[in-house]
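# Working through the structure, step by step
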Amino acid sequence: MKRRFSRPDWLRVPEPSDDGSMALVDHLKELRYRVIVSAVAIVAIMCVTLFFNNYFENLVLGPYDRATAIFRESHPDSNIIMSTDGLAGGMMLTLKIALYSGLVLSCPVWLYQIWAFIAPGLLSKEKKYALMFLGTSIPLFLAGVALGYWISPKGFVVLLGFTPEGVSNIQDVNKFLQFMTVTLLVFGIAFLLPVILVTMNLVGVLRAQTLAKYRTFGIFLCFVFGAVATPSQDPFSMCALAVPMAVMYIISEIICRINDKRRAARGDLVLVD
């Protein structure tokens, strides 16, 4: 008799009960499954990017090259050097570039895993609506990464401008890579603000009236986040992050208001003027 293959427990998603509820232990098991799937996707894409290492190195170091070229136009006597530490420095740089590239390129997988973990708490109609909105989270995240990539040379030029005359600026390439990755991820995650707010609205945690009530404070927090979260700390980068976040906050409020009206129309929510 042919034996059927049985997947290990950590490769299976626990089934919810008939009413959609799930025990705490099963929630933790599902969380473990989602994390493992995301990690496998990141590692798999990381292995692929290793075959195109030169391309990704040029891509990652491109903002630095543009920033130093702009800085040297106004400071021709400046001495800016990129260096690596130790014999294994080059190898570690290659692995880190592959890892960070895998983290960004695998965003469709781990964004979906986040959605799949939250989805059981939604009604069937809300799932369809949220799934359509989730489809925008991937381009939003990539748009944030692209904006961070485009804006970073301008921030680097501002930071290089603090180098005193006659002082060599020696950049550790691994520290620069970490700095660059944080910049891109901050911009990418910040652009997911509408996804987070609307998802909270769909699960009943947040209402449009609350967003409207704290709109001024929310926009203020967007600028505070832009000032604190951008590693370069220059006003240009701060505004490049904060202004889109403020616009997306208002768009999220509009979407939440539409959803609240739909829920009120079918009797699932009572609107208070």
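Everything discussed here concerns the structure shown above.
Below is a summary of the structure that appears in this document. (Residues numbered from 1 in each chain as written. Predicted model: local features only at pLDDT ≥ 70, side-chain atom pairs only at ≥ 80, totals over all residues. Heavy atoms only, no water.)

## Concerning the overall build of the protein
Stated formally: Secondary structure counts use DSSP, requiring at least four H or I residues in a row for a helix and at least two E residues in a row for a strand, with both numbered from the N terminus. In what follows, residue pairs with any heavy atoms lying within 4.5 Å of each other are defined as contacts. Values of accessible area rely on a 1.4 Å probe in the Shrake-Rupley scheme; residue burial ignores everything except the protein chains shown.
Looking only at helices and strands, one finds eleven helices and two strands in the protein. Taken from the N to the C terminus, the helices and strands of the protein come in the order α-α-β-α-α-α-α-β-α-α-α-α-α. Counting only contacts in the protein whose residues sit at least 6 apart along the sequence, the fraction spanning at least 24 positions is 77%. Carbon and sulfur atoms form 68% of the exposed surface of the protein, whose accessible area is close to 16,000 Å².

## Describing the nonpolar core
The cut-off we apply is this: Side-chain atoms within 4.5 Å are what join buried Ala, Val, Leu, Ile, Met, Phe, Trp, Tyr and Cys residues into a set we call a nonpolar core. Working definition: with a 1.4 Å probe on protein chains only, accessible area under 20% of the residue-type maximum means buried, over 50% means exposed, and in between means partly exposed.
Of all hydrophobic cores here, the largest spans 24 residues; its most connected members are Ile97, Leu111, Phe141 and Phe176. When contributions to this core are tallied by element, the ones reaching two or more residues are helix 2 (53-74), helix 3 (89-105), helix 4 (107-118), helix 6 (137-160) and helix 7 (173-190). Of all the elements, helix 2 adds the most residues to this core, at six residues. Look past the residues within four positions of Phe176 in its chain and what remains in contact with it is Val60, Leu61, Tyr64, Met82 and Phe156. The next biggest cluster of nonpolar side chains, apart from the first, holds 22 residues, and it includes Phe191, Ala208, Tyr249 and Ile255.

## A word on the side chain of Ser38
With respect to the helices and strands, Ser38 occurs in helix 1 (residues 24-49). For Ser38, the residues in contact, after removing those within four places along its chain, are Val109, Trp110 and Gln113.

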